[in-house]
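# Observations on chain architecture
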Amino acid sequence: MKLESVTVRRLKMEMLSPFTTSFATQTHRDLLIVVAHSGGDIGYGECVAISAPLYSEEATSTCAVALGEFLIPALRGREIAHPSEVSEILSPFKRNNMAKSALEGAVWDLWAKKQGVSLAESFGGIKTAVDVGLSIGIKETEAELIEAVGAAVDTGYQRAKIKIAPGRDEKFLRAVRTEFPETAIMADANSAYSLDDIELFTALDDLDLMMIEQPLAHDDIVDHRHLQSRIRTPVCLDESIHSADDARQAIELGSCRIINVKIGRVGGIAESQKIEKICREAGVGLWCGGMLETGVGRAHNVAIAALAGFDLPGDTAPSARYWAEDIIDPEVVMHNGQITVPTTPGLGYQVKGELLEELTVSSFSVDLETV
Ligand code: OSB
Ligand code: MG
């Protein structure tokens, strides 16, 4: 297939509740929806970057520039036989993974719709439902955190991930563990610590955490290796993994025992598939992370988590966790801690055109038919 045009919409969406990490508090999402057109079919991708480069080097505005100036024009005149070719076509451009992934995701959805297969089926996802965990932002008090974990358990989430930062770590986690002796809990530091904090991490070992996610620097795999060799709790890498090579090297070094894949962070579905294979063959735990996606990104996440190697619950909570009204119909729902993997073509959800229009703050289109 050949693409006729690609539209990039910048959306502003209010979140139901603020979400605090060690790097920022988000009250709304500032995101891009990429819409690819070919022969009357439409594919959708989501760019998961946030407003400022606080999680990774990408930001919503830089992704819009990368898409408009470099990535989308690179597809001009290209006959795409399979969506995995997109990441190859874009590979001369360094990084800009979230921007690349948004475009690849839109092409993948479009292609799957043309083939009449679901996203999951199009890349070999075998599960009929995926296991879901909840990511809980940093709270002011231990009581608030305990209430949030209790609500997660009552709602049926299969594990609770607790965001931590210096001053909001051991005491908070210990309070949760005392209140919930049997619950599967883990922590995510979003790179807020260094090896100087080794005593904190050894002290956490008796809390029986499923894992500790990205404790050290966002671009590190060497110090994580030293940390992992000193603690029993599995280290999970998020920010440090941008490619299949990163995953392979981190595993070879012993820097982690678990990997969090975010399709956007690693540059797309094709790269996510490579990481899944590496983890499956190495016996390394794997799960799908989240970036507070709308239904479009969420549908991609649920589809990738249907691959066999994704053996741990992901941060793929249902729509109602984030939005008063999601941009897809039906919304993503959870039953008994699981989300059913759609079997209808492409994303498996309808994008609500009017709501998309209403939420659009700005947009541009790149015509790919004229030279
Ligand atoms: O580190 O996993 C993270 C949200 C924004 C940026 C980084 C992270 C997160 C989350 C939220 O943990 C997961 C979700 O519910 O989408
Ligand atoms: Mg994380």
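The structure contained in this document is the topic of the report that follows. (Residues numbered from 1 in each chain as written. Chains lettered and ligands numbered in written order. Predicted model: local features only at pLDDT ≥ 70, side-chain atom pairs only at ≥ 80, totals over all residues. Heavy atoms only, no water.)

### Observations concerning the pattern of salt bridges
All told, the structure shown has 22 salt bridges when counted by the stated rule. In this structure, the salt-bridge partner of Asp238 is Lys262, at a minimum N-O distance of 2.9 Å. Separated by 24 residues along the polypeptide, Asp238 in the loop between strand E9 (235-237) and helix H9 (244-253) and Lys262 in the loop between strand E10 (258-261) and helix H10 (269-282) bring together distant segments of the chain. The same class applies to Asp238 as to Lys262, namely buried. Residue Arg265 is joined to Asp238 by a salt bridge in which the shortest nitrogen-to-oxygen separation is 2.6 Å. Here the residue Arg265 occupies a position in the loop between E10 and H10, and Asp238 occupies one in the loop between E9 and H9, the gap between them amounting to 27 residues. (Salt bridge = Lys/Arg side-chain N within 4 Å of Asp/Glu carboxyl O. Helix = DSSP H or I, 4+ residues; strand = E, 2+ residues; numbered from the N terminus. Buried < 20%, exposed > 50% of the residue type's maximum accessible area, 1.4 Å probe, protein only.)

### Some remarks on the sheet that holds strand E1 (residues 5-20)
Ordered in space as E3-E2-E1-E15, the 4 strands form an open sheet in which the pairing is antiparallel. The open sheet has two free edges, formed respectively by strand E3 (41-47) and strand E15 (360-367), since each of these has just one partner strand. Each neighbouring strand pair of the sheet contributes to a mean axis angle of 25 degrees, computed without reference to strand direction. Sheet strands in contact with helix H1 (residues 60-71) are E1, strand E2 (25-38), E3 and E15, and its direction is about 15 degrees off that of E2. (Pairing = 2+ DSSP bridges. Axes fitted to C-alpha atoms, helices over the stretch in contact; angles between N-to-C directions. Contact = heavy atoms within 4.5 Å.)

### A few points about the packing of H9 against H10
With their axes 8 Å apart at the nearest point, H9 and H10 run at an angle of 20 degrees to one another. As summarised for this structure, H9 and H10 are arranged roughly parallel, according to the angle between their axes. In the packing of H9 onto H10, the handedness of the crossing is right-handed. For the pair H9 and H10, contact is made by Ala244, Ala247, Arg248 and Ile251 and by Glu271, Lys274, Ile275, Ile278, Cys279 and Ala282, respectively. Here the contact of H9 with H10 is built from residues that sort into 7 nonpolar, no polar and 3 charged. (Parallel < 35°, antiparallel > 145°, perpendicular 65-115°, else oblique. Left-handed = near helix turned anticlockwise from the far one by under 90°. Nonpolar A, V, L, I, M, F, W, Y, C, P; charged D, E, K, R; others polar.)

### A short note on the site of ligand 1
Around ligand 1, 18 residues are found, and the nearest of them are Ser135, Lys163, Asn190, Leu292 and Tyr322. Between ligand 1 and the protein, one listed contact pairs an oxygen atom with a side-chain N or O atom of Lys161 at 3.0 Å. A distance of 2.6 Å is found between an oxygen atom of ligand 1 and a side-chain nitrogen or oxygen belonging to Tyr322. Protein contact buries 100% of the 390 Å² of open area that ligand 1 shows by itself. Its residues assigned to classes, the shell around ligand 1 shows 6 nonpolar, 4 polar and 8 charged. (Near = heavy atom within 4 Å. Polar contact = N/O pair within 3.5 Å; in protein donor to acceptor, adjacent residues only side chain to side chain. Areas by Shrake-Rupley, 256 points an atom, 1.4 Å probe, with all protein chains shown as cover.)

### Thoughts on the sheet that holds strand E6 (residues 160-163)
The pairing of strands in a sheet comes from backbone hydrogen bonds and takes either a parallel or an antiparallel form. Taking strand neighbours across the sheet as the criterion, the 7 strands line up as E5-E6-E7-E8-E9-E10-E11 in an open arrangement whose pairing is parallel. Looking at which strands have only one partner, the edges of the open sheet turn out to be strand E5 (134-136) and strand E11 (285-288). When E5 meets E6, the two strands line up parallel, connected through 3 bridges. Bridge pairing in E6 places Leu134 opposite Ala160.

### A closer look at the coordination of the magnesium ion (ligand 2)
Summarising the metal site, the magnesium ion (ligand 2) is bound by the protein donors Asp188 (OD), Glu213 (OE) and Asp238 (OD), whose distances to it range over 2.1 to 2.3 Å. Expressed as a motif, the donor residue spacing for the magnesium ion (ligand 2) is D-x24-E-x24-D. Of this pair, Asp188 sits in strand E7 (residues 185-188) while Glu213 sits in strand E8 (residues 212-213), and the two are 25 residues apart along the sequence. (Donors = N, O, S within 2.8 Å, 3.2 Å for Na, K, Ca; no water.)

### Observations concerning H9
Of the positions making up H9, those classed as buried are Ala244, Asp246, Ala247 and Ala250. Down the axis of H9, the sector holding all buried residues measures 160 degrees, keeping them to one side. For H9, the secondary structure elements touched by its buried residues are E9, E10 and H10. Where H9 terminates, the next one or two residues include Gly254, which has phi positive at roughly 80 degrees. (Arc of directions from axis to C-beta.)

### Quick word on the packing of aromatic side chains
Within this structure, the stated rule accounts for 5 aromatic pairs. With a centroid separation of 5.4 Å and an interplanar angle of 80 degrees, the aromatic rings of Tyr193 and Phe201 are classed as edge-to-face. Look at Tyr193 and you get buried, because its relative accessible area is 7%. In this structure Phe201 comes out as buried when scored by relative accessible area, which is 2%. Their ring planes at 35 degrees and their centres at 6.3 Å tell us that Tyr322 and Trp323 sit as a pair that is tilted. Positioned above the aromatic ring of Trp287, the side-chain terminus of Arg159 is 4.8 Å from the ring centre. (Phe/Tyr/Trp six-rings, centres within 6.5 Å; stacked < 30°, edge-to-face > 60°. Lys NZ or Arg CZ within 6 Å of the ring centre and 35° of its normal.)

### Side note on H1
Turning to H1, its buried residues number three or more, namely Thr60, Cys63, Ala64, Ala66, Leu67 and Leu71. Relative to the axis of H1, the buried residues are bounded by an arc of 165 degrees and lie together on one face. Where H1 is buried, its residues contact E1, E2, E3, helix H2 (84-90), helix H3 (97-115) and E15.

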